[in-house]
Number of protein chains: 2
Amino acid sequence: MADMEKDITSMLETLGSFGKDPAGGVSRFLYSKEWVEAQKYLEAEMKQEGLEVKYDEIGNLYGTLKGSKYTDETILSGSHVDTVGNGGYYDGQLGIVAAHLAIKYLKEKYGQPLRNLEVISMAEEEGSRFPYAFWGSKNVVGTAKREEVENIKDFDGVPFVEAMNKAGFDFRDESKGIREDIKAFVEIHNEQGNVLETEKKSVGVVTSIVGQRRFNVEITGQANHAGTTPMGYRKDAVYAASQMIYEIISESKKYGDPLVATVGKIEVTPNVVNVVPGKALFTMDIRHTDKSVLVEFTDVVNEKLNTLASDHGVEINIDMWMDEDPVPMDENIVKLIEQSCDANSLNYKVMHSGAGHDSQILAPHVPTAMLFVPSRDGISHNPAEYTEPADLAEGVKALMGALYELAYKE
Amino acid sequence: MADMEKDITSMLETLGSFGKDPAGGVSRFLYSKEWVEAQKYLEAEMKQEGLEVKYDEIGNLYGTLKGSKYTDETILSGSHVDTVGNGGYYDGQLGIVAAHLAIKYLKEKYGQPLRNLEVISMAEEEGSRFPYAFWGSKNVVGTAKREEVENIKDFDGVPFVEAMNKAGFDFRDESKGIREDIKAFVEIHNEQGNVLETEKKSVGVVTSIVGQRRFNVEITGQANHAGTTPMGYRKDAVYAASQMIYEIISESKKYGDPLVATVGKIEVTPNVVNVVPGKALFTMDIRHTDKSVLVEFTDVVNEKLNTLASDHGVEINIDMWMDEDPVPMDENIVKLIEQSCDANSLNYKVMHSGAGHDSQILAPHVPTAMLFVPSRDGISHNPAEYTEPADLAEGVKALMGALYELAYKE
């Protein structure tokens, strides 16, 4: 047990040394030098455990423990190897390290599985270098398209294709089909929220990943001098926006969990103390596990915003620029994980994921499930990201239980 | 009449050519090359009208038409010669041009006055180059202090003192007293608001300049992931700020004119779509002509903000960084101007000024009054600043009436 904690934290630390940012945390962007080094380190670790190692064309790394009986059936586990800028040691990394160690421990304890057990270190999930997210998982299931990335560049102007080729990779041959041997995917990830911590649980068993809709709302009033324009003569964009924001969030609280609504960004023009603002732009990020509720709530919000704009005599433009459906996890695997957690007396909670993950890309194609471990103070995408070693071990045990059920049982 | 319109617009245009900004409008900062040229142009115009011309130590320019009887009594009129960046052709300029032309017309029509009639082109009012406003008027009344500007620099790092010396000027000798001959000051300025335009008036007779209080309000909640943090677990700084802003402005509308309250600036941290904001900073600019109401209203606002912060479970820090008292204009001169406007059938409105002006600096020391002309669409501090020539002429006529009463009557 103490050894398991040590194994996990030590491997997380070593993996995190590739891309260690002088400003704190880890910055490991797709196809960078640090990214290549991290994949090479993982490749060496997999080989050392006797796994068969291969990369696919775009750079997803796989390590396979061959099955004895159902050799055309693979149980896959892992996560993404890229990070955000100044990210933490858990997001993505943990899913790879946990899968690697779970397979190692299972092999040590139970020997060869009936089905192939495979760890995957996915090339990319965050969209932090190029304006494209889920590049790794979308290539696993064949939904990434060449034309979507062919002309994009990173923050320094480096073309995606150039970076990919330089790292030694190329496009997937889209004329070929995708792998059909993958029978299940299980990903473990840090929660990136504070529910498990608050409820003092070590493991989360995820039933679904929320759908989300994101909007830009632009309010146009009229800029005026703050001293010389009587209140009755104003078209104050911030006054209108303040009421809108207050009412959206109040309304979302009335709906109750699992609905969440966030106004994360506000841009005021001209944004100076002594000018009545002529423009205000704010974002809305709205999520729910049930698509019908998500649609209903965003309809309610749209109507409310239009009514308020009219009340305030301002113009409004509402632009929905993201519309992702909720993704349910595979019911059978979820049930199996719950049973395994019960059998092993793990301290777990059945919950949804409010954040997006590679699992949502794989789930429509492969029976998929997810596990969470707690994030201290709910912090993620930050060097302060932290999970207690004891909880990491509980998470790996839950993952081992799941993989055992899927790969060792008839 | 048509000549008067032509005289005013032509002189405004010539004066505006000193510092004409390629990006539009006029950028004429204190002690710049353009500023020196503008003062030299005005000096030449004054000389041509037979005025006695002088500069004071810091660079305020005066042109005097000597009185015949009360030679130790001076009636002063004018405004500031500096502009904001990309300012218009009216703000400041108009007050100088109108005073110059009013004195010219009065001399042509009535000859020598009993008291001295003097035009002033004040060095600086806007605070656009250095972080110091009212440098011109504060030197007229002796309230500018050497130590306040001795160590300040402009946006390019040029020290105030270096710029002043290079333009040929120096500090006022603070051991000497200030002029005691100034018996009245009348300033004409564009309104910088839309009251006169909306009410179809050509001239505003100002009774007082509002007092103003400015605040920074900083709300500290907790930054969290927008997807993984249930609504009940949040300390959303933007949610709290939105209710505060909405209630402050709603409350100010209940108070009614002349109270104005503006939230012109909002800064959210980290200001990204998918993070519950941990911090929100907003400004409040609150103005009223009656100090007791200004104090009462800001007290109400403070209490309300603290209550709301407590309701939302967020921290609040309210910092009042400006507290200027209202400045009443001289009742006798105001009455005299109203009578003169009536006698000349001018289309005027008695009103307050919501913006700050040189007059507020002079008023505590010298009987002072102000006149406004309309600003099209209320626009100011912008190349689009505009006043109809017919309204300019009405304004100059009102000013002439005032100066006649003050300088030609026993």
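Residues numbered from 1 in each chain as written. Chains lettered and ligands numbered in written order. Predicted model: local features only at pLDDT ≥ 70, side-chain atom pairs only at ≥ 80, totals over all residues. Heavy atoms only, no water.

- The name given to chain A in an unreviewed UniProt entry is Allantoate deiminase, with the source organism recorded as Ornithinibacillus halophilus.

**A few points about the environment of Asp91 of chain A**
Residue and element names in this part refer to chain A.
Okay, so step 1: If you trace the backbone, Asp91 turns up in the loop between β3 (70-80) and α3 (93-110).
Okay, so step 2: Looking at Asp91, the relative accessible area reads 5%, which means it is buried.
Okay, so step 3: Along the chain, Asp91 and Ile120 lie 29 residues apart, while their C-alpha atoms are 15 Å from each other.
Okay, so step 4: Not counting chain neighbours up to four residues away, the residues in contact with Asp91 comprise His80, Asp82, Glu126, His189, Asn190, Gln192, His381 and Glu385.
Okay, so step 5: Separated by 3.1 Å, the side chains of Asp91 and His80 make a polar contact.
Okay, so step 6: A distance of 3.0 Å separates polar atoms of two side chains, one belonging to Asp91 and the other to His381. (Helix = DSSP H or I, 4+ residues; strand = E, 2+ residues; numbered from the N terminus. Buried < 20%, exposed > 50% of the residue type's maximum accessible area, 1.4 Å probe, protein only. Contact = heavy atoms within 4.5 Å. Polar contact = N/O pair within 3.5 Å; in protein donor to acceptor, adjacent residues only side chain to side chain.)

**What about the domain arrangement of chain A?**
Residues and elements named next belong to chain A.
Okay, so step 1: If you check the domain split of chain A, you get domain 1 (4-210 + 326-407) and domain 2 (211-324).
Okay, so step 2: Spacing between the C-alpha centres of domain 1 and domain 2 amounts to 36 Å.
Okay, so step 3: Counting from both sides, the interface comprises nine residues of domain 1 and, opposite them, nine residues of domain 2.
Okay, so step 4: Carbon and sulfur atoms make up 59% of the area that domain 1 and domain 2 hide from each other, which totals about 630 Å².
Okay, so step 5: For the domain 1 face of the interface with domain 2, the top three residues by lost area are Val210, Pro326 and His352, together amounting to 70%.
Okay, so step 6: At the boundary of domain 1 and domain 2, one finds zero salt bridges.
Okay, so step 7: For the pair domain 1 and domain 2, the number of links is two residue pairs in polar contact (both at pLDDT 80 or more). (Domains from an automatic or database assignment. Buried area = accessible area lost by both parts, 1.4 Å probe. Salt bridge = Lys/Arg side-chain N within 4 Å of Asp/Glu carboxyl O.)

**Some words on empty space enclosed by the protein**
Okay, so step 1: As enumerated under the stated definition, the model contains four cavities of 30 Å³ or more in all.
Okay, so step 2: Lining the largest cavity are 13 residues, and of these Ser242, Ile245 and Ile266 of chain A together with Ile245 and Ile266 of chain B lie nearest its centre.
Okay, so step 3: Every element with two or more residues in the lining of the largest cavity is listed here: α8 (237-255) and β12 (279-288) of chain A together with α8 (237-255) and β10 (266-269) of chain B.
Okay, so step 4: Classifying every residue of the lining of the largest cavity by side-chain character gives 11 nonpolar, two polar and no charged. (1 Å grid on protein atoms, 1.4 Å probe; cavity = no way out; pocket = protein on both sides within 12 Å on 5 of 7 lines; lining within 4 Å. Points joined across faces, edges and corners; volume = space filled by probe spheres on them. Nonpolar A, V, L, I, M, F, W, Y, C, P; charged D, E, K, R; others polar.)

**Let's talk about the side chain of Arg28 of chain B**
Residue and element names in this part refer to chain B.
Okay, so step 1: One can find Arg28 in the loop between α1 (2-16) and α2 (33-48).
Okay, so step 2: For Arg28, which is buried and forms no salt bridge, the nearest opposite charge comes from Asp82, at a distance of 7.6 Å.
Okay, so step 3: Here the side chain of Arg28 touches Leu15 through a polar contact of 2.8 Å, landing on its backbone oxygen.
Okay, so step 4: At 3.0 Å, the side chain of Arg28 and the backbone oxygen of Phe18 are in polar contact.
Okay, so step 5: Those residues within four positions of Arg28 in sequence are excluded, and the remaining contacts are Leu15, Gly16, Phe18, Glu34, Trp35, Ala38, Val81, Asp82, Thr83, Val84 and Gln93. (Lys, Arg positive; Asp, Glu negative; His and termini not counted.)

**Here's the deal with the relation of the copies chain B and chain A**
Two copies of one chain are present, and they are related through a rotation about an axis combined with an axial shift.
Okay, so step 1: When chain B is fitted onto chain A, the two copies agree to an RMSD of 0.2 Å after a turn of 180 degrees and an axial shift of 0.1 Å. This pairing of chains is accounted for by a two-fold axis. For chain B, the residue whose C-alpha comes nearest the rotation axis is Ser242 of chain B, separated from it by 2.2 Å.
Okay, so step 2: Both copies share a contact surface, since 100% of the interface residues of chain B are interface residues in chain A too. (Least-squares fit on C-alpha atoms with pLDDT ≥ 70 in both.)

**Let's talk about the side chain of Asn60 of chain B**
Residues and elements named next belong to chain B.
Okay, so step 1: Structurally, Asn60 can be placed in the loop between β1 (52-55) and β2 (61-65).
Okay, so step 2: Within the structure, the side chain of Asn60 is placed 3.1 Å from the backbone oxygen of Gly136, a separation counted as a polar contact.
Okay, so step 3: Not counting the four nearest positions on each side in its chain, Asn60 is found in contact with Lys54, Tyr55, Ile120, Ser121, Met122, Ala123, Gly136, Asn139 and Val140.

**A short note on the packing of aromatic side chains**
All names here are of chain A.
Okay, so step 1: Taken as a whole and assessed by the stated rule, the structure comprises 34 aromatic pairs over all chains.
Okay, so step 2: With a centroid separation of 5.7 Å and 80 degrees between ring planes, the pair formed by Tyr132 and Trp135 is classed as edge-to-face.
Okay, so step 3: By relative accessible area, Tyr132 is classed as buried at 11%.
Okay, so step 4: Ring-pair connections join several aromatic residues into one group, and the members of that group are Tyr31, Trp35, Tyr55, Phe130, Tyr132, Trp135, Phe160, Phe169 and Phe171.
Okay, so step 5: Positioned over the ring face of Tyr62 is Lys54, at 5.4 Å from the centre of the ring. (Phe/Tyr/Trp six-rings, centres within 6.5 Å; stacked < 30°, edge-to-face > 60°. Lys NZ or Arg CZ within 6 Å of the ring centre and 35° of its normal.)

**Describing the environment of Glu324 of chain B**
Residues and elements named next belong to chain B.
Okay, so step 1: Within the element layout of this structure, Glu324 appears in strand β13 (residues 315-324).
Okay, so step 2: Considered as a pair, Glu324 and Ala223 are 101 residues apart in the sequence and their alpha carbons are 36 Å apart.
Okay, so step 3: Apart from the residues within four sequence positions on either side, Glu324 is in contact with Gly211, Gln212, Leu294 and Gln360.

**A few points about the pattern of salt bridges**
Residues and elements named next belong to chain A.
Okay, so step 1: Counting across every chain of the model gives 40 salt bridges over all chains.
Okay, so step 2: The shortest N-O distance in the salt bridge between Lys279 and Glu218 comes to 3.8 Å. Of the two residues, Lys279 is situated in strand β12 and Glu218 in strand β7 (residues 211-220); the sequence distance between them amounts to 61 residues.

**Focus on the UniProt feature "binding site: allantoate" (unreviewed entry) in chain A**
Okay, so step 1: Mapped onto this structure's residue numbering, the UniProt feature "binding site: allantoate" (unreviewed entry) falls at Arg214, Asn274 and Arg287 of chain A. The largest pairwise C-alpha distance within this set of annotated residues, which runs over 74 residues, is 36.6 Å, so the set is dispersed in three dimensions.
Okay, so step 2: Along the chain, Asn274 of chain A falls in the loop between β10 (266-269) and β11 (275-276).
Okay, so step 3: Not counting residues within four places of it along the chain, the set of residues in contact with Asn274 of chain A comprises Asn224, His225 and Ala226 of chain A together with Arg214, Asp285 and Arg287 of chain B.
Okay, so step 4: Take Arg287 of chain A: it is sitting in strand β12.
Okay, so step 5: Taking relative accessible area as the criterion, Arg287 of chain A reaches 1% and is therefore assigned buried. (UniProt positions renumbered as here; feature names shortened; annotations may be inferred.)

**Things to note about the nonpolar core**
Okay, so step 1: With 83 residues, the main nonpolar core has Tyr31 and Trp135 of chain A as its most contacted residues.
Okay, so step 2: Broken down by element, this core gets its largest block of residues, 11 residues, from helix α12 (residues 389-408) of chain A.
Okay, so step 3: Apart from the residues lying within four places of it in its own chain, the contact partners of Trp135 of chain A are Leu30, Tyr31, Ile58, Ala123, Glu124, Ala144, Val149, Phe160, Met164 and Phe171 of chain A.
Okay, so step 4: Leu12, Ala167, Val205 and Cys341 of chain B belong to the second-largest nonpolar core, a separate cluster that totals 82 residues. (Core = buried A, V, L, I, M, F, W, Y, C linked by side-chain atoms within 4.5 Å.)

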